[in-house]
Every structure is written in structure tokens, then in C-alpha cells.
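Each chain is listed here by its residues.
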Amino acid sequence: MKRADYIALIESYGGNFSLSDFEIQGDISRMDVDFLRSFLAWRDWTGTKTLITSAWRDNNPKSHGRGLAIDCLLFTGWLTKQATPLQHWLLATTWPFQGVGLYFDWNFTHKLSGEKIPAIGLHVDGWSGKQINERPLRWLRIDGNYYYQSTKTGRFYCRQNKQTITLQEAIQEYDQRYEQITKARALPQQV
């Protein structure tokens, strides 16, 4: 495909992005066209403001390196108010993505204040994996640890710390941390 074809593809699904949105680590031509089309259709369907933070990546043997993954932030108010963790999860798991992950340990820079704000990062991919039992894959990342969802129990298990957590527990912990950070910001500074 030529660059004009990619522009036409983006425009045909609502024109919510520019080529540069996908070219953070490399040329848009490295993206799998069918996955890109699915992502654009998903964005158009959700109507949710989306900031792409990562797409194709060099030296990545999995979904990003195959042009089959995008990391992003979802906003209800552009660059000022994020969608909730549950909204992220429901929007991504309702669509037929092969992989969905939530990063509970991200930050974004508030558009108006310039402040670093805790954020929920969303990973979506169309990679089918190397083995039959790898996909669909659902995961959470909390404080740098990955928790993978069991298809039997629905709980998320971390190989590193041997802990399990549910999505609801992860959301509650995130909400508590966010609330503590917000309160700390509101306290008057001591001189």
C-alpha cells in the first residue's frame, strides 16, 4: 500500500487518526493492514478519544514486531480525563481482539496543567500466538508485574510473585492509589 492508501483507509473509518499517530517507532507500512483496519473500525465504533502510544516496534518477536498490536490511552475528555479502567476493559474485550492488556502503572501528562497523572494504558492485539493455548490472552500489569487471566477461573495469576487478583480487585486497588495521589496533591505545601 502507498501512503495515500493508508490515509484513505484512516479516513474511511472516521478520520480519527493521522499517519504520524501510528508512526511512533516506524513507518505505518510495518503494521498488518487487517489488524490496522480492525483497530480503526473499533475506534470508530467506540467513539472514544484514543491516543496511540506504541504501534509497530523493531526487535519485538511478538505482536508489536509483527505489526499486530497497539498500546493506547482512552479519554472521555481529550488528554484531560481518562476513561475508567472498566470502560477500557469492556470496550477492548467486546471487540474480537486476540490480546487485551491493562497497564495499571502508567502516567500521562495532563493537557492543561502539565502534571503527570496516573493512567490506565490499554494494549490490544490481533496476534494469534505461537501455540494453540496462548490466545485469546488477557492480562494486567501492576507495578511492573504481569498477571495473566485463567480461562478456567477468570482470575489473573502472576508468575513472578505467585499472587492472584481479579479485575475488580485490580480496579479497586488502582482507584485507592489514585485517590491517595489526588489527596496528596490537594494538601497545602509546608514552607
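See the structure printed just above.
Residues numbered from 1 in each chain as written. Predicted model: local features only at pLDDT ≥ 70, side-chain atom pairs only at ≥ 80, totals over all residues. Heavy atoms only, no water.

Enquirer: It is not clear to me how a positive patch on the surface should be interpreted in this structure. Could you clarify?
Expert: On the surface, Lys62, Arg66, Lys130 and Arg159 cluster together into a positively charged patch. We classify Arg66 as partly exposed; its relative accessible area is 39%. (Patch = residues over 30% accessible without salt bridge, like charges linked within 9 Å, V, L, I, M, F, W, Y side chains within 5 Å. Areas by Shrake-Rupley, 256 points an atom, 1.4 Å probe, with all protein chains shown as cover. Salt bridge = Lys/Arg side-chain N within 4 Å of Asp/Glu carboxyl O. Lys, Arg positive; Asp, Glu negative; His and termini not counted. Charge placed at Lys NZ, Arg CZ, Asp CG, Glu CD. Buried < 20%, exposed > 50% of the residue type's maximum accessible area, 1.4 Å probe, protein only.)

Enquirer: Would you explain the packing of helix α3 (residues 33-46) against helix α4 (residues 85-94) in this entry?
Expert: Think of two packed helices as two axes; the pair is described by the angle between the axes and how far apart they sit. For the pair α3 and α4, interaxial distance at closest approach is 11 Å and the crossing angle is 130°. By the angle class used here, α3 and α4 are oblique. Viewed along their axes, α3 and α4 form a crossing whose handedness is right-handed. When α3 is examined against α4, the residues Trp42, Trp45 and Thr46 are found in contact with a partner set consisting of Leu91, Ala92 and Thr94. When its residues are assigned to classes, the contact of α3 with α4 shows four nonpolar, two polar and no charged. (Axes fitted to C-alpha atoms, helices over the stretch in contact; angles between N-to-C directions. Helix = DSSP H or I, 4+ residues; strand = E, 2+ residues; numbered from the N terminus. Parallel < 35°, antiparallel > 145°, perpendicular 65-115°, else oblique. Left-handed = near helix turned anticlockwise from the far one by under 90°. Contact = heavy atoms within 4.5 Å. Nonpolar A, V, L, I, M, F, W, Y, C, P; charged D, E, K, R; others polar.)

Enquirer: When you look at the nonpolar core in this model, what are you seeing that I'm missing?
Expert: The biggest cluster of nonpolar side chains holds 44 residues, and the ones touching the most others in it are Phe22, Ile70, Phe104, Leu122 and Leu140. Looking at this core, the element that brings in the most residues is α3, giving six residues. (Core = buried A, V, L, I, M, F, W, Y, C linked by side-chain atoms within 4.5 Å.)

Enquirer: Looking at this structure, I do not really get unusual backbone geometry. What am I missing?
Expert: What is expected of a backbone is that most residues other than glycine have negative phi and most peptide bonds are trans. Phi is positive for Asn59, close to 60°, though the residue is something other than glycine. Its location among the elements puts Asn59 in the loop between β1 (49-54) and β2 (69-77). In the Ramachandran plot, Leu79 falls in the positive-phi region, its phi being about 60° despite a non-glycine side chain. In this fold, Leu79 is placed in the loop between β2 and β3 (81-82).

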